[in-house]
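A closer look at the structure
Here is how the chains run, residue by residue.
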Amino acid sequence: SQQGEEDPQALSIQEGENATMNCSYKTSINNLQWYRQNSGRGLVHLILIRSNEREKHSGRLRVTLDTSKKSSSLLITASRAADTASYFCAPEYGNKLVFGAGTILRVKS
Amino acid sequence: NAGVTQTPKFQVLKTGQSMTLQCAQDMNHEYMSWYRQDPGMGLRLIHYSVGAGITDQGEVPNGYNVSRSTTEDFPLRLLSAAPSQTSVYFCASRRRPGPTGYYGYTFGSGTRLTVV
């Protein structure tokens with residue numbers, strides 16, 4: 001399978017703390033994307049990092065990509081209760097975007 | 001409102017029935033995809049399309065058909081529903097990759113399908 005694999009499966013933190021989620025994948029990619037899903041809803045695109053990029057920022061989000069280790073991480077700084085959601089990494093191979101099982105993030109206020 | 005529209009939002013089918021899940025987008029996106037999401041799992045790609053008249057299989061295509069006669073619409077057909085097809089189905093679309101690279105997908109709100 002070419003799916004990404006997220007780690008940890010679940011993460012519980014206090015409001016204001018940082019949350020880090022990791023993703024590993026198997027073969028060469030065009031890019032890697034991160035999505036958020038609030039309970040029972042559709043996915044929302046957060047950030048895309050291309051295979052020739054190493055780090056990207058968007059607001060409180062920071063994504064890194066290490067193609068030699070086939071891994072990526074998503075850092076959410078100064079978390080808020082509204083960040084509670086499932087987060088998915090999605091490596092893209094050719095025209096196929098495949099998803100991992102996700103990390104469930106719970107931010108306690 | 002611009003976006004991806006999926007209909008119906010909920011559907012119950014009997015085993016062996018057929019039906020079509022509708023997906024329409026008004027953003028002139030060339031790329032469209034269908035995913036299914038089962039409890040505790042990520043999304044699995046069923047079929048995708050990179051433009052009108054072009055479709056290809058994803059990870060779990062068996063039991064599903066698609067066609068892409070227009071840029072706007074990408075219907076998913078269940079040929080003979082089975083309980084294993086009980087799932088939430090998501091349609092997504094995005095622009096074709098350009099000189100500046102790739103784009104993220106816009107997702108619909110999903111169709112919850114139960115096959116009894």
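Counting restarts for each chain, with residues numbered from 1 along the sequence as it is written. A letter from A marks each chain and a number from 1 marks each ligand, given out in the order of writing. For this predicted model, a pLDDT threshold of at least 70 governs which residues receive local features, and a threshold of 80 or more governs which side-chain atom pairs are given and counted, while totals over whole chains, interfaces and linings are taken from all residues. In computing side-chain properties, one takes all heavy atoms of the structure into account and sets aside hydrogens as well as water.

With that settled, the discussion passes to the environment of Arg94(B). Relative to the assigned elements, Arg94(B) resides in strand 9 (residues 87–94). With 51 residues separating them in the primary sequence, Arg94(B) and Leu43(B) have C-alpha atoms 17 Å apart. Numbering of helices and strands runs from the N terminus, with a helix taken as a DSSP run of H or I at least four residues long and a strand as a DSSP run of E at least two residues long.

Right, let's talk about the sheet that holds strand 7 (residues 64–66) of chain B for a bit. Residues and elements named next belong to chain B. Pairing between strands is defined by DSSP: at least two bridges between the two strands are required. Pairing in this open sheet of four strands is antiparallel, and the strands run 1-3-8-7 from one edge to the other. Here the strands that pair on one side only, and so sit at the sheet edges, are strand 1 (4–7) and strand 7. Averaged over all adjacent pairs, the angle separating strand axes in this sheet is 20°, with direction ignored. Looking at chain direction, strand 1 and strand 3 (residues 19–25) are connected through four bridges and run antiparallel. In the sheet register, Gln6 faces strand 3, and the bridge partner there is Cys23. The angle between two axes is taken between their N-to-C directions and runs from 0 to 180 degrees, where each axis is a line fitted to C-alpha atoms and a helix contributes only its stretch in contact.

All names here are of chain A. With respect to topology, five strands assemble into an open sheet ordered 1-3-8-7-6, the strand pairing being antiparallel. Bordering the open sheet on either side are strand 1 (5–7) and strand 6 (55–58), each of which pairs with just one other strand. The sheet shows a mean angle of 20° between the axes of neighbouring strands, direction not considered. Pairing between strand 6 and strand 7 (residues 61–66): four bridges, direction antiparallel. If you follow Lys56 over to strand 7, its bridge partner there is Val63.

The values are spatial; any link to function lies outside them.
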